Amino acid sequence: MPKVKGQDDATENRLKFIETSYSYLHGDLYESKKLNPNVRKADPELKSVWLKRKDVLEAYASLVVKAYGKKEPVAPTRVIEESREWTASDNVEEQFAELFEATGNEHDTLTPKDVARIARKNGILASSNRLGRMMRTQGFTSQMTKEEGKSVRLYKGVKEVEAVRREVEAVRREVEAVRR
């Protein structure tokens, strides 16, 4: 389910995410996944025909009116938590800043494509221009250099945080091995 953007408190209060075990798929997509026990064939007329019928609309309105009460019902904790996952505001810049670390070593380089791949891997979908702005905000600038006769744009002195953690972990293991 995509993030719900631009909501106000009223939208967030009304929006409730309720997880279902089933996926309802149309056509070829259904055919390719129909062996999965959690896949069901979608009814192509459900929205376009059935939900527009007068008797269905009247039945729905009747259910809503009969269920109406003076006090707002309290949603179960799980529904509130799962709804918050989809309505919580994202600070992409903060998430992005946690992905990279300055090393000061000019041999630690990333191309803009590397930056985009790392961002995408971590759920950040942004244009190359925006990614470049976020890198500059963190103090990383790119430079054109020649590698194997080709011009390449590189961010120098920067690594993905996971790569730094892996290196630190490898050094820690080596130190422990020497101590034994």
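Residues numbered from 1 in each chain as written. Predicted model: local features only at pLDDT ≥ 70, side-chain atom pairs only at ≥ 80, totals over all residues. Heavy atoms only, no water.

(A) Summary view of the pairing of strand S6 (residues 150-156). Bridge analysis of strand S4 (residues 109-110) against S6 gives two bridges, and the strand direction is antiparallel. Counted as the bridge partner of threonine 109 is lysine 156 from S6. Two strands pair when backbone bridges link them, and strand S5 (residues 142-147) and S6 are joined in this way by six bridges, in the antiparallel orientation. Bridge assignment links glutamine 143 to a residue of S6, and that residue is leucine 154. Between S5 and S6, which follow one another and run antiparallel, lie two residues, and glutamate 148 among them has a positive phi close to 55°. (Pairing = 2+ DSSP bridges. Helix = DSSP H or I, 4+ residues; strand = E, 2+ residues; numbered from the N terminus.)

(B) Fine view of the packing of aromatic side chains. Using the criterion set out here, one finds one aromatic pair in the structure. Where phenylalanine 96 meets phenylalanine 100, the ring centres are 5.0 Å apart and the plane angle is 55°; that geometry is what we call tilted. (Phe/Tyr/Trp six-rings, centres within 6.5 Å; stacked < 30°, edge-to-face > 60°.)

(C) How the structure looks around the sheet that holds S4. Here three strands make up an open sheet; going across it, the order is S4-S6-S5 and the pairing antiparallel. The sheet terminates laterally at S4 and S5, the two strands that pair on one side only.

(D) Structural view of unusual backbone geometry. The phi dihedral of glutamate 148 is positive, around 55°, even though this residue is not glycine. Its place among the elements puts glutamate 148 in the loop between S5 and S6. What makes glutamate 148 exposed here is its relative accessible area of 83%. (Buried < 20%, exposed > 50% of the residue type's maximum accessible area, 1.4 Å probe, protein only.)

(E) Structural context of the side chain of aspartate 108. Summarising the element assignment, aspartate 108 is placed in the loop between strand S3 (100-102) and S4. Here threonine 103 takes part through its side chain, which lies 2.7 Å from a polar atom of the side chain of aspartate 108. Those residues in contact with aspartate 108 that sit more than four places away from it in its chain are Thr103, Tyr155, Lys156, Gly157, Val158 and Lys159. (Polar contact = N/O pair within 3.5 Å; in protein donor to acceptor, adjacent residues only side chain to side chain. Contact = heavy atoms within 4.5 Å.)

(F) Seen up close, helix H7 (residues 128-137). Listed as buried for H7 are Leu131, Gly132, Met134 and Met135. The buried residues of H7 occupy an angular sector of 160° when the element is viewed end-on, so they sit on one face. Opposite its buried face, H7 presents the exposed residues Asn129, Arg136 and Thr137, each directed more than 90 degrees away. Looking at the buried side of H7, the elements it contacts are helix H5 (92-97), S3, helix H6 (112-121), S6 and strand S7 (158-160). (Arc of directions from axis to C-beta.)

(G) Structural context of the nonpolar core. The biggest cluster of nonpolar side chains holds 15 residues, and the ones touching the most others in it are Phe96, Phe100, Val115, Met135 and Val158. Among the elements of the structure, H5, H6 and H7 are those that each provide at least two residues to this core. (Core = buried A, V, L, I, M, F, W, Y, C linked by side-chain atoms within 4.5 Å.)

(H) Quick peek at the pattern of salt bridges. Here the structure, examined in full by the defined rule, presents seven salt bridges. Measuring nitrogen to oxygen at the nearest pair gives 2.8 Å for the salt bridge that ties glutamate 31 to lysine 34. Linking lysine 54 and glutamate 58 is a salt bridge whose minimum nitrogen-to-oxygen distance equals 3.9 Å. Of this pair, lysine 54 and glutamate 58 both sit in helix H3 (residues 54-67), four residues apart, which is roughly one turn of the helix. (Salt bridge = Lys/Arg side-chain N within 4 Å of Asp/Glu carboxyl O.)

(I) Main features of the confidence of the model for the protein. Confidence in the prediction for the protein averages 83 pLDDT; 84% of positions are at 70 or higher. Within the protein, the element-level pLDDT minimum falls on helix H1 (residues 9-14), averaging 66, and the maximum on S4, averaging 93. (pLDDT = per-residue confidence, 0-100.)

(J) Structural detail: the side chain of threonine 145. Positionally, threonine 145 belongs in strand S5. Residue class for threonine 145 comes out buried when judged on its relative accessible area of 18%. Among all residues touching threonine 145, those that are not within four sequence positions of it are Lys150, Ser151, Val152, Leu154 and Lys156.

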